[in-house]
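Below are the chains, spelled out letter by letter.
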Amino acid sequence: MDPVSVGVGPWPGTWPDDDRYDPELLRDGDRRNVVDRYRYWTVEAIVADLDRTRHPLHVAIENWHSDLNIGSIVRTANACNVAAVHVVGNRRWNRRGAMVTDRYLHLRHHATSDDLVAWAAAEALPLLGVDNLPGAVPLEGFALPRDCVLVLGQEGPGLSDPVRAACDVVLSIAQFGSTRSINAAAAGAIAMHAWIVQHA
Ligand SMILES: C[S@@+](CC[C@H](N)C(=O)[O-])C[C@H]1O[C@@H](n2cnc3c(N)ncnc32)[C@H](O)[C@@H]1O
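Residues numbered from 1 in each chain as written. Predicted model: local features only at pLDDT ≥ 70, side-chain atom pairs only at ≥ 80, totals over all residues.

## Describing the overall build of the chain
- Across its full length, the chain carries six helices and seven strands.
- Counted from the first residue to the last, the chain has its helices and strands arranged as α-α-β-α-β-β-α-β-β-β-α-β-α.
- Considering only C-alpha atoms, the chain reaches an extent of 60 × 40 × 35 Å along its principal axes.
- Classification of the 200 residues of the chain by burial places 32% in the buried group.
- Here the analysis covers contacts within the chain between residues at least 6 apart in sequence; of these, 68% occur between residues at least 24 apart. (Helix = DSSP H or I, 4+ residues; strand = E, 2+ residues; numbered from the N terminus. Buried ≥ 20, exposed ≤ 12 C-beta atoms within 10 Å, placed from the backbone. Contact = placed C-beta atoms within 7 Å.)

Laid out in structure tokens, this is it:
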């Protein structure tokens, strides 16, 4: 699709008298990937509006080797309007897959697994691992707590030992083919949607 045809052009007629609107977008048009109700709004106004309705679901991803899945997980987390996305390990991650959605949600960094575990304990939030480890409980049919943290591992090692040990439960997504696992971004999308089906 021609990128210029995405979104809307300059605001037709008299500009609205409302400081949620961005004068530059009103003047030039809004070609961002935002839902129609946020057309011409500033990023700050969109974040403030999303903050009113964020779900009490947190998503954490371990990032020991700069996992390329994180951008995609952030994008899905934005679509689900989660409370926050937590990156554990390396602070740096490839933002391309996020398609700018990281600007609209709350990102938090934890240098170590212990930091994530301590933060969740302080917030009284259970950690729910998502991995196909031995002893994992099927996600399908599992009653997810409303307030919780879904923790994803990364390509290769999966969930680290300290995080596994801190999780109330580890949930597996059913697979029927020959591959050992699906990618972490796909697993994250399935797990977030399972929460949405039960609570949103
Ligand atoms: C590619 S997997 C790696 C590890 C995996 N335990 C293995 O045996 O190969 C990376 C991450 O994706 C998620 N994942 C992939 N497949 C999954 C499944 N079937 N069930 C739950 N999580 C899965 C988990 O968060 C996992 O830590």
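## Quick notes on the site of the ligand
- Every one of the 19 residues lining the ligand counts as a neighbour, but G153, G158, S181, A184 and A187 are closest to it.
- Taken together, the residues of the shell around the ligand break down into eight nonpolar, eight polar and three charged. (Near = placed C-beta within 6 Å. Nonpolar A, V, L, I, M, F, W, Y, C, P; charged D, E, K, R; others polar.)

## Regarding the sheet that holds strand β5 (residues 137-138)
- Taken in spatial order, the seven strands make up an open sheet running β3-β2-β1-β6-β4-β7-β5, and their pairing is parallel. The open sheet has two edge strands, β3 (107-110) and β5, and neither has a second partner.
- The strands touched by helix α3 (residues 70-79) are β1 (57-63), β2 (84-89) and β6 (148-152); relative to β1, the strand with the most contacts, the crossing angle is about 175 degrees. (Pairing = 2+ DSSP bridges. Axes fitted to C-alpha atoms, helices over the stretch in contact; angles between N-to-C directions.)

## Thoughts on the packing of α3 against helix α6 (residues 184-199)
- α6 packs onto α3 with a crossing angle of 15 degrees between their chain directions and a minimal axis gap of 8 Å. Taken together, the axes of α3 and α6 lie roughly parallel to each other. Classified by chirality, the crossing of α6 by α3 is right-handed. Listed contacts from α6 to S72, I73, T76 and A77 of α3 are A185, G188, A189 and M192.
- Its residues placed into classes, the contact of α3 with α6 shows five nonpolar, three polar and no charged. (Parallel < 35°, antiparallel > 145°, perpendicular 65-115°, else oblique. Left-handed = near helix turned anticlockwise from the far one by under 90°.)

## A few points about the domain arrangement of the chain
- Split into domains, the chain comes out as domain 1 (17-51) and domain 2 (54-199).
- The C-alpha centroid of domain 2 is placed 29 Å from the C-alpha centroid of domain 1.
- Contacts between the two partners involve six residues from domain 1, matched on the other side by five residues from domain 2.
- Tallied by class, residues from the side of domain 1 that touches domain 2 come to four nonpolar, one polar and one charged. (Domains from an automatic or database assignment.)

## Concerning the nonpolar core
- Counting residues in hydrophobic clusters, the biggest one holds 41 residues, and the most contacted among them are V59, I61, I73, L128, L150, V151 and L152.
- Looking at this core element by element, the count peaks at six residues for α6.
- Other than its neighbours up to four places away in sequence, L128 contacts C148, V149, L150, V151, C167, D168, V169 and L171. (Core = buried A, V, L, I, M, F, W, Y, C linked by C-beta atoms within 7 Å.)

## Considerations on unusual backbone geometry
- In this structure, Y40 takes a positive phi of about 75 degrees despite not being glycine.
- Locating Y40 in the fold gives a position in the loop between α1 (23-28) and α2 (43-53).

## Let's talk about the environment of L68
- For L68, the position within the fold is in the loop between β1 and α3.
- Residues L68 and N94 lie 26 residues apart in sequence; the distance between their C-alpha atoms is 6.1 Å.
- Residues in contact with L68, not counting those within four places in the same chain, are N94 and G97.

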